[in-house]
Amino acid sequence: MGNRYLYPKPSHIYSKCDETRHQKFFPTLQEGATNLKPTNTPKIETERLILRKFTEKDLEAFFLIYSDKEVNTFLPWFPVKNQEEAKAMLEDRYLRKYRNPSGYNYAVCLKEDNIPIGYINVSMEDSHDFGYGLRREFWQRGIATEAGLAVIAQLKKDGIPYITATHDVNNPRSGNVMKRLGMTYRYSYEEQWQPKNFPVTFRMYQLNLNVEKEYIYRKYWDISDVRFVEGGKSCLNGLTGF
């Protein structure tokens, strides 16, 4: 997630750390930790919501979600401009993925009409990135938290080892959702964000589901030249925050 502002680089920049200390603070994921149950976006119901697959019939609702500039400000794509772009995105980001053996790409719908008002996506890559979005008129009603907790319960049941999520430091509301989902802040890093092509400082949160509680996903840390833990300590200084 990010926006179009340029941010100053943090005062603490750690480009190299002793590998022994890294292994202490970034334990290795043990073999057997990813015993996944193959499933693709199984339907879930909560008190207020239906979480299900998007269909071609959802195009109008999908367009409303992905065309709103404010909703998509901190997301890694540009808002769609018309229904043709929305249709292409729906096929690429959802319908195509439903043909895979495993995946979690949900339409978030109110039970009263079963029309999508948002989404939750979980990457099947090693980050297991947990992403979410919601139409503005449904913000501040606890819907993202309700939907997120339900999906996390499904992920744990299916053997997903952990999830990660990142938010732009200028979008703390997203970080608040991560905290309500039980996720823990791990570190921050800077990235030249694509496709919008400007530097963004992200905070990385993580929730371990079926893996040792000490395990920390370190890929973003490893590939960034600007990485730090908020609070002013680095692994070079005997960091205990991990």
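Residue positions within a chain follow its written sequence, with the count starting from 1. Local features are withheld for residues below a pLDDT of 70 in this predicted model, meaning they are given only at 70 or higher, and side-chain atom pairs are given and counted only at 80 or more; totals for whole chains, interfaces and linings count all residues. Each side-chain value is derived from all of the structure's non-hydrogen atoms; neither hydrogens nor water enter the calculation.

### Some remarks on the environment of G148
Phase 1 of the analysis: Considering the arrangement of structural elements, one finds G148 in helix 4 (residues 143-158).
Phase 2 of the analysis: When the C-alpha positions of G148 and I120 are compared, they lie 7.3 Å apart, and in sequence the two are 28 residues distant. Strands are runs of DSSP state E lasting at least 2 residues, helices are runs of H or I lasting at least 4, and numbering of each runs from the N terminus.

### Things to note about the packing of helix 2 (residues 59-67) against helix 3 (residues 83-95)
Phase 1 of the analysis: Simply put, an axis is a line fit to the C-alpha atoms, just over the touching stretch for a helix, and the angle between two N-to-C directions goes from 0 to 180 degrees. The N-to-C vectors of helix 2 and helix 3 enclose an angle of 95°; their axes lie 9 Å apart at closest approach. Taken together, the axes of helix 2 and helix 3 lie roughly perpendicular to each other. Where helix 2 abuts helix 3, its residues L59, E60, F62, F63 and Y66 lie against Q83, A86, K87, M89, L90 and Y94.
Phase 2 of the analysis: Amino acids are sorted into nonpolar (Ala, Val, Leu, Ile, Met, Phe, Trp, Tyr, Cys and Pro), charged (Asp, Glu, Lys and Arg) and polar (every other residue, Gly among them). Taken together, the residues that form the contact of helix 2 with helix 3 break down as eight nonpolar, one polar and two charged. Angle categories are assigned with fixed cut-offs, so that under 35 degrees is roughly parallel, over 145 is roughly antiparallel, 65 to 115 is roughly perpendicular, and the rest are oblique. Contacts between residues were defined by any pair of non-hydrogen atoms, one from each residue, lying within 4.5 Å.

### Some points on the nonpolar core
Phase 1 of the analysis: The set of buried Ala, Val, Leu, Ile, Met, Phe, Trp, Tyr and Cys residues whose side-chain atoms join them within 4.5 Å is what this entry labels a nonpolar core. Residue exposure (1.4 Å probe, protein chains only): buried if accessible area is under 20% of the type maximum, exposed if over 50%, otherwise partly exposed. Formed by 30 residues in total, the largest nonpolar core has its most connected members in L51, F130, V151, L155 and I163.
Phase 2 of the analysis: Those elements that place two or more of their residues in this core are strand 2 (49-52), strand 3 (104-110), strand 4 (116-122), strand 5 (130-134), helix 4, strand 6 (162-168), helix 5 (172-180) and strand 8 (198-208).
Phase 3 of the analysis: If one sorts the elements of this core by residue count, helix 4 sits on top with six residues.
Phase 4 of the analysis: Grouped together as the second largest cluster of nonpolar side chains are 17 residues, V80, A86, A107 and Y119 included.

### Looking at the side chain of R227
Phase 1 of the analysis: Note that R227 resides in strand 9 (residues 227-228).
Phase 2 of the analysis: By the counting scheme adopted, Arg and Lys are positive, Glu and Asp are negative, and His together with the chain ends is not counted. Think of a salt bridge as a Lys or Arg side-chain nitrogen and an Asp or Glu carboxyl oxygen that are within 4 Å of each other. One buried charged side chain, R227, makes no salt bridge at all; its nearest oppositely charged neighbour is D222, positioned 4.8 Å away.

### Some remarks on the pattern of salt bridges
Phase 1 of the analysis: Per the counting criterion, the structure on display carries nine salt bridges.
Phase 2 of the analysis: With its nearest N and O atoms 3.7 Å apart, the salt bridge here joins K43 to E45.
Phase 3 of the analysis: You can call K43 exposed: its relative accessible area is 56%.
Phase 4 of the analysis: Of the residues examined, E45 reaches a relative accessible area of 48% and is grouped as partly exposed.

### A closer look at the pairing of strand 4
Phase 1 of the analysis: Where burial is concerned, most of strand 4 is hidden: seven out of the seven residues are buried.
Phase 2 of the analysis: Note: two strands are recorded as paired if DSSP finds a minimum of 2 bridges between them. Across six bridges, the pairing between strand 3 and strand 4 is antiparallel. Along strand 4, the bridge assignment pairs N105 with N121.
Phase 3 of the analysis: What sits between strand 3 and strand 4 in their antiparallel hairpin is a turn of five residues, with N114 showing a positive phi close to 60°.
Phase 4 of the analysis: One ladder, built from five bridges, connects strand 4 with strand 5; its direction is antiparallel. Within strand 5, the residue paired with V122 across the bridge is F130.

### Some remarks on the pairing of strand 3
Phase 1 of the analysis: Among the seven residues in strand 3, seven count as buried, and that is most of the element.
Phase 2 of the analysis: As defined by bridge partners, strand 2 adjoins strand 3 across four bridges and the pair is classed as antiparallel. Paired with L49 across the bridge in strand 3 is L110.

### Quick notes on the packing of aromatic side chains
Phase 1 of the analysis: Between 30 and 60 degrees the pair is tilted, below 30 it is stacked and above 60 it is edge-to-face, where a pair is any two Phe, Tyr or Trp rings, Trp via its six-membered ring, whose centres lie within 6.5 Å. Applying the stated rule across the entire model yields 15 aromatic pairs.
Phase 2 of the analysis: Clustering of aromatic rings is evident, with ring pairs tying together Y162, Y187, Y189, F202, Y215, Y217, Y220 and W221.

### A look at the sheet that holds strand 3
Phase 1 of the analysis: As summarised here, the arrangement of the five strands in space is 1-2-3-4-5, forming an open sheet in which the pairing is antiparallel. With one partner strand each, in any of the chains shown, strand 1 (44-45) and strand 5 form the two edges of the open sheet.
Phase 2 of the analysis: Of the strands in this sheet, strand 1, strand 2, strand 3, strand 4 and strand 5 are in contact with helix 4, which crosses strand 3 at around 145°.

### A word on the confidence of the model for the protein chain
Low pLDDT marks regions whose predicted coordinates should not be analysed in detail.
Phase 1 of the analysis: A residue's pLDDT is the predictor's confidence in that residue, given on a scale from 0 to 100. Averaged over the protein chain, the pLDDT score is 82; the fraction of residues at 70 or greater is 75%.
Phase 2 of the analysis: A low-confidence stretch, residues 1-24 stays under pLDDT 50, and its non-local contacts, those more than four residues away or across chains, total 72 contacts.
Phase 3 of the analysis: The low-confidence segment residues 233-242 (pLDDT under 50) makes 22 contacts with residues lying over four places distant or belonging to another chain.

### Quick notes on the environment of P116
Phase 1 of the analysis: Along the polypeptide, P116 turns up in strand 4.
Phase 2 of the analysis: In this structure, the C-alpha to C-alpha distance between P116 and L64, residues 52 residues apart in sequence, is 9.4 Å.
Phase 3 of the analysis: Not counting residues up to four positions away in its chain, the partners in contact with P116 are R52, F54, D58, A61, I65, A107, V108, C109 and R135.

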